[in-house]
Amino acid sequence: MDAAPTAAPAEDPPIHILWINAGLSCDGDSVSLTAAMQPSIEEIVMGVLPGLPKIAVHWPLIDFECGPVGGADTFIEWFFKGERGEIDPFVLVVEGSIPNEKIKPEGYWCGFGDDPETGQPITTSEWIDRLAPKALAVVAIGTCATYGGIHAMEGNPTGAMGVPDYLGWNWTSKAGIPIVCVPGCPIQPDNFSETLTYLLYQAAGSAPMIPLDDKLRPTWLFGATVHEGCDRAGYYEQGQFAQTYDSPQCLVKLGCWGPVVKCNVPKRGWMNGIGGCPNVGGICIACTMPGFPDKFMPFMDEPPGAKVSSKASGVYGAVVRRLRSITEHTVDQEPKWRQSGRTLTTGYRPPW
Ligand code: SF4
Ligand code: SF4
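Residues numbered from 1 in each chain as written. Chains lettered and ligands numbered in written order. Predicted model: local features only at pLDDT ≥ 70, side-chain atom pairs only at ≥ 80, totals over all residues. Heavy atoms only, no water.

1. Regarding helix 7 (residues 189-203)
Three or four residues apart is the spacing at which side chains of an α-helix point the same way, because the helix has 3.6 residues per turn. The end-to-end C-alpha separation of helix 7 is 21 Å, in line with the 21 Å expected for 15 residues at 1.5 Å each. For helix 7, the tally of buried residues reaches twelve of 15 residues, placing the bulk of the element in the interior. Buried residues of helix 7: Pro 189, Asp 190, Asn 191, Phe 192, Ser 193, Thr 195, Leu 196, Thr 197, Tyr 198, Leu 199, Leu 200 and Gln 202, and no others. Here helix 7 starts with a cap whose side-chain oxygen sits 2.7 Å from the backbone nitrogen of Asp 190, and that cap is Gln 188. (Helix = DSSP H or I, 4+ residues; strand = E, 2+ residues; numbered from the N terminus. Expected span 1.5 Å × (residues − 1). Buried < 20%, exposed > 50% of the residue type's maximum accessible area, 1.4 Å probe, protein only. Polar contact = N/O pair within 3.5 Å; in protein donor to acceptor, adjacent residues only side chain to side chain.)

2. Digging into unusual backbone geometry
Look at the link from Gln 38 to Pro 39: it is a cis peptide, with omega at -5 degrees. Note that Pro 39 resides in the loop between helix 1 (28-33) and helix 2 (41-46). The step from Cys 185 to Pro 186 runs through a cis peptide bond, and the omega angle for that step is 5 degrees. Here Pro 186 lies in the loop between strand 7 (180-182) and helix 7. For Asp 27, which is not a glycine, the phi torsion comes out positive at approximately 70 degrees. Here Asp 27 is to be found in the loop between strand 1 (15-20) and helix 1. In this structure Asp 27 comes out as partly exposed when scored by relative accessible area, which is 25%. Phi is positive for Leu 216, close to 70 degrees, though the residue is something other than glycine.

Pasting the structure below:
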């Protein structure tokens, strides 16, 4: 007897990701994310991670949809759907800093799609006003979106700022989630893919509230300094400082800000453990920090605070190096009983 046809179980609706890269942005964070490996963006999108909800990504960088507002394959339509509440839940990702449109009444600094009613561009800040109240979470990707970054440096004409400056540092989503900031210029690829994955697991009820510090960064990624994870810190401790860029020694005198910068790149590497910054010879310019770039320029000068600490480490390091060289000489020799003579000299005593 044939089994009676049964209705297929209703699937949970996907979590949509609405990605606005139309802040003041170079799209470097979007490009960087394509290098993520743990997990890769393909693994997230294809839903191969156990327990992860299905997602639908509306990301200008990879989306097949394009075309004008109202066209057959309009990309922007997803954002209107988000505004109308037709895709729920969705996570709003913002890339690029937010210019101050209040100082630009005659035009606009940056926008994303046109308003069908007026035919005028919808500014990026207007999209945030429309979508943030309806989002499950708002995620700022890159230092521009998180803290303003390079576009918000002294002398800029746009009055640019980060998403927390725009929405308010105490803003929370309708699900009670604060703005999640993943800084970096650009983001370290896995730092962002991990954060996104965490939020998706949280949305699925499989993870507690994402832990963030007072600058809204995930604590497990930004809790330690560059220096604490730099494999040149041994040279620093021994007072050995590079004078030229081809040296393997500590780069602090050449401009490295690592001791006061919160970032995990030297410890994690850039892609698949390869690359980084001071660990591979590039000074840390503090690109993850809220004070970036103004508080760290000119980049290639020794940081003012480093003069005192490197001087102290230079004196202390000279003594430590001398003592270590004595021990090093001792442990660099094999014990004397390793020889081929006819007598055993290891100190072995037969137990019987
Ligand atoms: S290169 Fe920079 S981060 Fe590395 S040990 Fe020196 S000061 Fe610290
Ligand atoms: S190590 Fe410094 S320069 Fe490199 S990514 Fe981290 S904060 Fe930016």
